[in-house]
Amino acid sequence: MTTGSDDLHVLLGAYVLGGLSDDDHRAFSEHLRSCRQCQTELGQVSGMPRLLDLAGPEGGPHLTDTPVAVPAPLMTDHDDEHLVTLLGEVARRRRRRRAWMSVVAAAAAVVLFAAGAWLGPQLLTPTTPTLPTTHVAAAAVAGSQVRIDIALVTRGWGTQLDVNCEDMPTNGELALWVIDRSGRATSAASWRATPAGYSRVTGATALRPNEIQALEVRTGTGKVLAEART
Amino acid sequence: MPLDDEAVAEIYREHGPMLRRVVWRATSDANRVEDIVQEVILRVWKQAPEADNLRAYLITTARHLIVDQHRAAGRRPQQAQLVDVAEADSALDRALDQVLVEEALGRLQTNHREIVRYLYFERLTVAETSTRVGVPEGTVKSRAYYAVRNLRVILDEMGVTR
Ligand SMILES: [Zn+2]
């Protein structure tokens, strides 16, 4: 069976893959000489046989009737577990990356304190990356230039709050407040400012991450430096 | 969920299964597959989360990672008994190319895939394919046309450009 001249373009596919009758092959070769469109398209797909030859002799597992021989455990649905591991790792790397929001504002006065960086309540057991962790960047409020990253780690007893602060006030007390869905605020950690303006503290709340509406870092006098909505 | 988590979860759900197949078939090491896949996704998320061609980027990253690990471990791809590193690398490249092309064929829609199978791999004629599939010759021809076009697009997407 041959093809009408209007339908000649379509022969390009079988011309590339093979299998055209002699008549069709001749007709397409002739058509190709004068058809710009087919010349262009052939240029794009003429390397196809070479690529197809990279596959196994029968075209690989998707073309034969035997299914892909991938060990069953790899393909079953541990996906959610893996995803939790993956997101834990994301949280860890994100902390390192410090992609924090920064807002330009006035600098605070400098008074030196001889305090260490690890102050807040140390309720925690060491963090393992497999725990479900959510990260939030707390946005500095107007007039503040702090950069704060908070990791919410789900624990059996509530939520562990790993706080990383930079460009903080260098004197006075600082505190992390947790605001629940009803708007009630409770203190989850308090610590003393450091000369470097940098601190890493860990706080804790009985609330679960989904019960937390917002997190605020405040000064000892209650001024909000940064807030994050979850 | 913060943006990062969502982005990573989405990459993982959309591309994880394909990556797992590719890595498994290129390394034949079930114990390392999930680790490699996760590392690939993390790297891509860090370096180019908004890449236009994410699939190609993921595959290229997987390729680098597998090659590096092979070198580091002094392993030979697919148990081939090869002597020098360059040779081992090119064997691994071939193994990866093979897997990628096979994956691309797997992503073709079924009625296009079977046309490629009969016309190209089984060397049947259009007429024979028509009989085998049970559709008119004209349909075989137009399916062959679209199969080739779509395959080109899929291969481009996977970064197989040679
Ligand atoms: Zn034409």
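In the block above lies the structure referred to throughout.
The structure contained in this document is the topic of the report that follows. Throughout this description, residue numbers start from 1 for each chain and increase along the sequence as written. Labels follow written order: the first chain is A, the first ligand is 1, and so on. For this predicted model, a pLDDT threshold of at least 70 governs which residues receive local features, and a threshold of 80 or more governs which side-chain atom pairs are given and counted, while totals over whole chains, interfaces and linings are taken from all residues. Water and hydrogen atoms were dropped before computing side-chain values, which therefore reflect all heavy atoms in the structure.

### Comments concerning unusual backbone geometry
Residues and elements named next belong to chain B.
In step 1: We note that arginine 123 has phi near 55 degrees; this positive angle belongs to a residue other than glycine.
In step 2: Helix numbering and strand numbering both begin at the N terminus, where a helix is a DSSP run of H or I of at least 4 residues and a strand a DSSP run of E of at least 2. Relative to the elements of secondary structure, arginine 123 occurs in the loop between helix H5 (110–121) and helix H6 (126–133).
In step 3: Only protein chains enter the area calculation, which uses a 1.4 Å probe; residues under 20% of their type maximum are buried, those over 50% are exposed, and those in between are partly exposed. The exposed category is assigned to arginine 123, whose relative accessible area is 54%.

### Some details on H6 of chain B
In step 1: Considered for burial, the residues of H6 of chain B that qualify are Val126, Thr129 and Ser130 of chain B. Looking straight down H6 of chain B, one finds that the buried residues subtend no more than 105 degrees of arc, so they occupy a single side.
In step 2: Buried-residue contacts for H6 of chain B involve helix H1 (12–17) of chain A together with H5 and helix H7 (137–157) of chain B.
In step 3: The first or second residue beyond H6 of chain B is glycine 134 of chain B, which carries a positive phi of 80 degrees. It is the directions from the helix axis to the C-beta atoms that the arc portrays. By the convention used here, residues are in contact when the closest approach between their heavy atoms is within 4.5 Å.

### Comments concerning the pairing of strand S8 (residues 224–229) of chain A
All names here are of chain A.
In step 1: Only when DSSP finds a minimum of two bridges between them are two strands counted as paired. Here strand S7 (residues 212–219) runs beside S8; their pairing, made up of five bridges, is antiparallel. The residue of S8 that forms the bridge with glutamate 216 is glutamate 227.
In step 2: Counting the residues that bridge the hairpin from S7 to S8 gives four residues, and of these glycine 222 lies at a positive phi of roughly 95 degrees.

### Overview of the nonpolar core
In step 1: Residues grouped as a nonpolar core are buried Ala, Val, Leu, Ile, Met, Phe, Trp, Tyr and Cys residues, joined through side-chain atoms within 4.5 Å. Counting residues in each nonpolar core, the largest one holds 73 residues, and the members touching the most others are Leu52 of chain A together with Ile41, Leu105 and Val116 of chain B.
In step 2: No other element matches helix H1 (residues 3–27) of chain B, which puts ten residues into this core.
In step 3: Of all hydrophobic cores here, the second largest spans 23 residues; its members include Leu161, Leu174, Ala188 and Ala189 of chain A.

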